There are 2 protein chains.
Amino acid sequence: MTSVVETIAALRAQVQAWRAEGLKVALVPTMGALHDGHVSLMRAALERADRCIVSIFVNPRQFAPTEDLDKYPRQLALDLEKLDHAGVHLAFTPGVDEVYPQGFATAISVGGPSAGLETDFRPAFFDGVATVVGKLFIQAAPDLAVFGEKDYQQLCVVKKLCRDLDLPVEVLGSPTIRDAEGLAMSSRNAYLSAAELDMARQLNKVLRKAATALEDGADEASTMASARQAILAAGFDVVDYVEARESVTLAPWRKDRDGRVLVAARLGKTRLIDNVEVAAR
Amino acid sequence: MTSVVETIAALRAQVQAWRAEGLKVALVPTMGALHDGHVSLMRAALERADRCIVSIFVNPRQFAPTEDLDKYPRQLALDLEKLDHAGVHLAFTPGVDEVYPQGFATAISVGGPSAGLETDFRPAFFDGVATVVGKLFIQAAPDLAVFGEKDYQQLCVVKKLCRDLDLPVEVLGSPTIRDAEGLAMSSRNAYLSAAELDMARQLNKVLRKAATALEDGADEASTMASARQAILAAGFDVVDYVEARESVTLAPWRKDRDGRVLVAARLGKTRLIDNVEVAAR
C-alpha cells in the first residue's frame, strides 16, 4: 500500500527513517496523469533502489500564462491506484502553498543545455523545472532520481542542475515508452481526437527516418528540412523545431558524437514533443 | 589543529563522519582576510554546535567586473592560524575550479529582501551570494550557519534562500563587532588610510543618531536626509544609500515594527556598509 504525505516535514521524516535503516531511496518526480511511461520510470527506480517515492505536483512555475495549467489533466485517485499497483512506497502530493508559500521569491536558472529548442518557445519553462526539481531534491534528498528520455532537454537540464549545484543525486534517464505505432506516451495525448492521434503517430516515424539518414551520412540541413516537411504533411499545424543536437550537452550536432533529433510540433491546441537517438559514426 | 580540505568530496566525507557520530555541525562561510568579526561568528558557531567548519573562498560571482576581486585581501596562512587559535575543526578552502568547474552555468536568484539597497549599486551581487551559499549549504549540509549582521541585507537574503529552497539549515545572524569607536570590522577597512579611518569611524555614530531619532518619533524622510548630510560632512565622498527598512523582510520601515537603518557610502575607492537596529515603538 502506497503511503501518501502532503508536507515536506512528513516526506523528510520518512526518508530519514529509511536512511537510518541503510535503505537506498529513489524519487520519480511527476505532474500526475500517470501513464505507462511513468510506470516504466517507477520500475527503473525500484530495480535500483530499496524505496521509491513518486511526487505528484502540477508545477505552476513551468507553465506560461497562455499554457494549459488549468486544464492539465488531474486524476489523483486514479494515480494513487497506479502507484499502489506499481509497488511505489510513498506518494508526495503537496499543495501549491506547501511548495511555494506566500512570499516565495527564489528561482534557479540553468544555462547550457537549456539554450534553444523548448526555451525558444517556452522561455520560462526550464527555470520553472529547475526551481521545482531543485526544491524536490533538497526536500526528499533521494540517492537516485529517474526522468523520462521523452522530455530529453529537461533530462539534460536536470543533470546539469545536479552537477552545478553539487546536489548528491544520481539522475537516470529512462527510455521513452511508445504505443504499438511508436507514439511517445504523454499526458497531453489525452487532448487528442482520434484523427489527431493518427497524425501524431507519424511523428516518431519521421524522426526515426531523419536519424537513420544522419547516421547514413546525409546532409544535416536538408535532412531537417525534409523532416519538417514530412511532419506538416502528416497533418501537424506548426513545427516549433526539429533539430539535431549532441546528446549530452545539447550543443550543435556532430556526426562523430552520439546525438539526438528533437522535435516539438503542434496539432490544433496540443503541443507534442519527441526525440530519437542518432548513433555516432 | 584545524584540518584543511580543498575538495567537496573531502568536505562531505568529514561531515558525514561527524553526522554518523551524532555531532551537530556549523558552517561559517567567509571570503578570508579574517578579523575579529569573523572570529565572533566562529565563537557563536562553536557555542551552538559540536563541530565548526569555516569556508574561505573569494567568490568571483559576487564581484562586478569593475569591483575589487583582484585586490581583495588574500592571506590564507594567516587565516588558518586564526582558525586554529579559535578552535575551528575544519577549513574548506576550495579553488575556483572546484566551485565553478568548466561549463558551470547555473544561478540562484532570491527576490524579496534583495530588492533595492545593495542591489541598486551591485545588481549581480546577491545572485552571486545566493548561488555560492546555496552550493556551500548543499556541499557541507550543515545544521547551522552563522553570518554577520554587518552584511545585514545579505543575512536576510540567505535566510530567504533557505526558506524558499527548503534547505534544512538554521541561519543565525551574529551582532556586528566594532572597534572602540564603533567602526564595524570589515576586511575592506584594510584599504583605508589613517585619515580615512577617522572619517569611517563617524559612520556608525551617524546611524545610531538616526536610529534614536526614529525611535523618538522623528520624521523618516528628514531623518534620512540629515543622516546623508552628516555622512558627507564627515568626509565621505558619496552616499550610495541610507535607508530605514523593516528588519525581517526589508520592506519599507514602519515605526511599529523592528527596523534597521542601513547605509553604504564611499571613501575614495573604498565602499563601506553598516547598519543599526531601530526598536519598534
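Residues numbered from 1 in each chain as written. Chains lettered and ligands numbered in written order. Predicted model: local features only at pLDDT ≥ 70, side-chain atom pairs only at ≥ 80, totals over all residues. Heavy atoms only, no water.

The name an unreviewed UniProt entry assigns to chain A is Pantothenate synthetase, from the organism Aminobacter aganoensis.

Considering the overall build of chain A
Selection criterion: Helix numbering and strand numbering both begin at the N terminus, where a helix is a DSSP run of H or I of at least 4 residues and a strand a DSSP run of E of at least 2. Restricting the calculation to C-alpha atoms gives the radius of gyration, and the globule rule supplies 2.2 Å times the number of residues raised to the power 0.38. The buried label goes to any residue with under 20% of its type's maximum accessible area, the exposed label to any with over 50%, and the partly exposed label to all in between, with areas taken from a 1.4 Å probe on protein chains only. Between two residues, a contact is recorded if the distance between any of their heavy atoms is within 4.5 Å. In short, Shrake-Rupley with a 1.4 Å probe defines the accessible areas, and a residue's cover is counted only from the protein chains shown. In this count, Lys and Arg are taken as positive residues and Asp and Glu as negative ones, while His and the chain termini are left out. A charged residue contributes its charge at one atom only: NZ of Lys, CZ of Arg, CG of Asp or CD of Glu.
When its secondary structure is counted, chain A shows 10 helices and 10 strands. Relative to the 2.2 N^0.38 estimate, which gives 19 Å for 281 residues, the radius of gyration of chain A is 19 Å and therefore close to what a compact globule would have. The principal-axis extent of the C-alpha atoms belonging to chain A is close to 55 × 40 × 40 Å. For chain A, the proportion of its 281 residues judged to be buried stands at 54%. Residue pairs at least 24 apart in sequence account for 72% of intrachain contacts in chain A once pairs closer than 6 positions are excluded. Summing over all exposed atoms, chain A offers an accessible surface of approximately 12,000 Å²; the carbon and sulfur share of this is 52%. Seen as two clouds, the 32 positive and the 38 negative side-chain charges of chain A have centres 2 Å apart.

Quick notes on helix 9 (residues 203–215) of chain B
All names here are of chain B. Just so we agree on the cut-off: A helix is expected to span 1.5 Å for every residue after the first. Within this analysis, the arc is defined by the directions that extend from the helix axis to the C-beta atoms.
With 13 residues, helix 9 ought to run about 18 Å at 1.5 Å a step, and its terminal C-alpha atoms sit 19 Å apart, in line with that. Those residues of helix 9 not exposed but buried are Leu203, Asn204, Val206, Leu207, Ala210, Ala211 and Leu214. The buried side chains of helix 9 occupy one side of the element, clustering within an arc of 160° when seen end-on. Summarising the contacts, the buried residues of helix 9 are in contact with helix 8 (194–200), helix 10 (220–233), strand 8 (238–246), strand 9 (259–267) and strand 10 (270–278).

So, the interface of chain A and chain B
Worth spelling out the cut-off: Accessible area, probed at 1.4 Å, shrinks when two parts are joined; the buried area is that loss added up over both. The working definition used for a salt bridge is a side-chain nitrogen of Lys or Arg within 4 Å of a carboxyl oxygen of Asp or Glu. A 3.5 Å cut-off defines polar contacts: any pair of N or O atoms within that distance qualifies, except that in protein one atom must be a possible hydrogen donor and the other a possible acceptor, and neighbouring residues in sequence count only when both atoms are side-chain atoms.
Taken together, the contacts link 21 residues of chain A with 21 residues of chain B. In total, chain A and chain B occlude about 1,800 Å² of area from one another, counting both sides; carbon and sulfur atoms represent 54% of this. Viewed at the interface, chain B and chain A are joined by two salt bridges. If you look at where chain A meets chain B, you find 18 residue pairs in polar contact (both at pLDDT 80 or more). Broken down by secondary-structure element, the contributors of at least two residues to the side of chain A that touches chain B are helix 1 (8–20), strand 5 (106–110), helix 6 (125–140) and helix 7 (152–165) of chain A. Per element, the largest residue contribution to the side of chain A that touches chain B is five residues, and it comes from strand 5 of chain A.

What to know about the UniProt feature "binding site: beta-alanine" (unreviewed entry) in chain A
All names here are of chain A. Where we set the bar: UniProt positions are given in the numbering used here, feature names are shortened, and annotations may be inferred rather than shown by experiment.
Residues given the UniProt feature "binding site: beta-alanine" (unreviewed entry) here are Gln62. Checked against the element boundaries, Gln62 lands in the loop between strand 3 (51–56) and helix 3 (76–86). The class for Gln62 is buried, based on a relative accessible area of 9%. Those residues within four positions of Gln62 in sequence are excluded, and the remaining contacts are Met31, Glu67, Arg122, Phe125, Gly128, Val129 and Val132. A distance of 2.9 Å separates the side chain of Gln62 from the side chain of Asn59, its partner in a polar contact.

Digging into the relation of the copies chain A and chain B
Put simply, the second copy of the chain is the first one after a rotation about an axis and a shift along it. This is how it is decided: The copies were overlaid by least squares, fitting only the C-alpha atoms of residues that reach a pLDDT of 70 or more in each copy.
Of the two same-sequence chains, chain A is brought onto chain B (RMSD 0.0 Å, axial shift 0.0 Å) by a rotation of 180°. One copy is carried onto the other by what is essentially a two-fold rotation axis. For chain A, the residue whose C-alpha comes nearest the rotation axis is Ile108 of chain A, separated from it by 2.3 Å. Residue by residue, 100% of the interface of chain A is reproduced at the interface of chain B, so both copies engage with the same surface.

Points about the packing of aromatic side chains
Threshold: Think of it this way: a Phe, Tyr or Trp ring, Trp meaning its six-membered ring, pairs with another when their centres are within 6.5 Å, and the plane angle makes it stacked under 30 degrees, edge-to-face over 60, tilted otherwise.
With the rule as written, the count across this model stands at 12 aromatic pairs over all chains. Note on Phe121 of chain A and Tyr241 of chain A: the rings are 6.1 Å apart at their centroids and 35° apart in plane angle, and the pair reads as tilted. With a gap of 120 residues between them, Phe121 of chain A in helix 5 (residues 118–121) and Tyr241 of chain A in strand 8 (residues 238–246) connect regions that are remote in the sequence. Judged by its relative accessible area of 36%, Phe121 of chain A is partly exposed. By relative accessible area, which is 5% here, Tyr241 of chain A ends up buried. Between Phe137 of chain B and Phe147 of chain B, the aromatic rings sit 6.3 Å apart at their centres with planes inclined by 70°, giving edge-to-face as the arrangement.

Let's talk about the sheet that holds strand 10 (residues 270–278) of chain A
Residue and element names in this part refer to chain A. Here is the rule we go by: At least two bridges found by DSSP between two strands are what make those strands a pair. In this analysis an axis means a line fitted to C-alpha atoms, helices contributing only their contacting stretch, and an angle means the value between N-to-C directions, from 0 to 180 degrees.
Taking strand neighbours across the sheet as the criterion, the three strands line up as 8-9-10 in an open arrangement whose pairing is antiparallel. Only two strands of the sheet have a single partner each, and these edge strands are strand 8 and strand 10. The average undirected angle you get between the axes of adjacent strands in this sheet is 10°. Along the sheet, helix 9 (residues 203–215) makes contact with strand 8, strand 9 (259–267) and strand 10, crossing strand 10 at roughly 30°. Contacting strand 8 and strand 9, helix 10 (residues 220–233) crosses the sheet at an angle of about 150° to strand 8.

Concerning the packing of helix 9 of chain B against helix 10 of chain B
Residue and element names in this part refer to chain B. Basically, it comes down to this: Angular relationships are summarised with four words: roughly parallel below 35 degrees, roughly antiparallel beyond 145, roughly perpendicular across 65 to 115, and oblique for the angles in between. Note: crossing handedness is left-handed where the near helix turns anticlockwise from the far helix by less than a right angle, and right-handed where it turns clockwise. In the scheme used here, Gly and all other residues not listed as nonpolar or charged are polar, with Ala, Val, Leu, Ile, Met, Phe, Trp, Tyr, Cys and Pro taken as nonpolar and Asp, Glu, Lys and Arg as charged.
One can describe the packing of helix 9 onto helix 10 by two numbers: an axis separation of 10 Å at closest approach and a directional angle of 165°. Of the possible angle classes, the one that applies to helix 9 and helix 10 is roughly antiparallel. Read as a crossing pair, helix 9 and helix 10 show a hand that is right-handed. Between helix 9 and helix 10, the contacting residues are Leu203, Val206, Ala210, Ala213 and Leu214 on the first element and Glu220, Thr223, Met224, Ala227, Ala230 and Ile231 on the second. In the contact of helix 9 with helix 10, the residues fall into nine nonpolar, one polar and one charged.

A short note on the nonpolar core
Here is the rule: Note on terminology: a nonpolar core comprises buried Ala, Val, Leu, Ile, Met, Phe, Trp, Tyr and Cys residues joined through side-chain atoms within 4.5 Å.
Core analysis: the largest hydrophobic core is formed by 92 residues, its most contacted members being Ile53, Phe137 and Leu167 of chain A together with Ile53, Phe137 and Leu167 of chain B. In contact with Leu167 of chain A, not counting residues within four places along its chain, are Phe137, Ile138, Leu161 and Cys162 of chain A together with Ile138 of chain B.

A word on the packing of helix 6 of chain A against helix 7 of chain A
All names here are of chain A. At a minimum axis distance of 10 Å, the contact between helix 6 and helix 7 shows a crossing angle of 50°. As summarised for this structure, helix 6 and helix 7 are arranged oblique, according to the angle between their axes. Helix-helix and strand crossings are classified by hand; for helix 6 and helix 7 the assignment is right-handed. Of the residues in helix 7, those touching helix 6 at Phe125, Phe126, Val129, Ala130, Val133, Gly134 and Phe137 are Gln153, Gln154, Val157, Val158, Leu161 and Cys162. Across the contact of helix 6 with helix 7, the residue classes tally to 10 nonpolar, three polar and no charged.

Brief notes about the pairing of strand 3 of chain A
All names here are of chain A. Selection criterion: When the strands point away from the viewer and the path from the first strand over the helix to the second turns clockwise, the crossover is right-handed.
Of all six residues in strand 3, five are buried; the element is thus mostly enclosed. For strand 2 (residues 25–30) and strand 3, the ladder comprises six bridges, and the chain directions are parallel. Residue pairing for strand 3: Ala26 is matched across the bridge by Cys52. Assessed by its sense of winding, the connection that carries the chain from strand 2 through helix 2 (residues 36–48) to strand 3 is right-handed. The pairing of strand 3 with strand 4 (residues 90–92) spans three bridges and is parallel. Looking at the pairing, Ser55 lines up with Phe92 of strand 4. Where the polypeptide runs from strand 3 across helix 3 and back to strand 4, its parallel neighbour, the crossover connection is right-handed.

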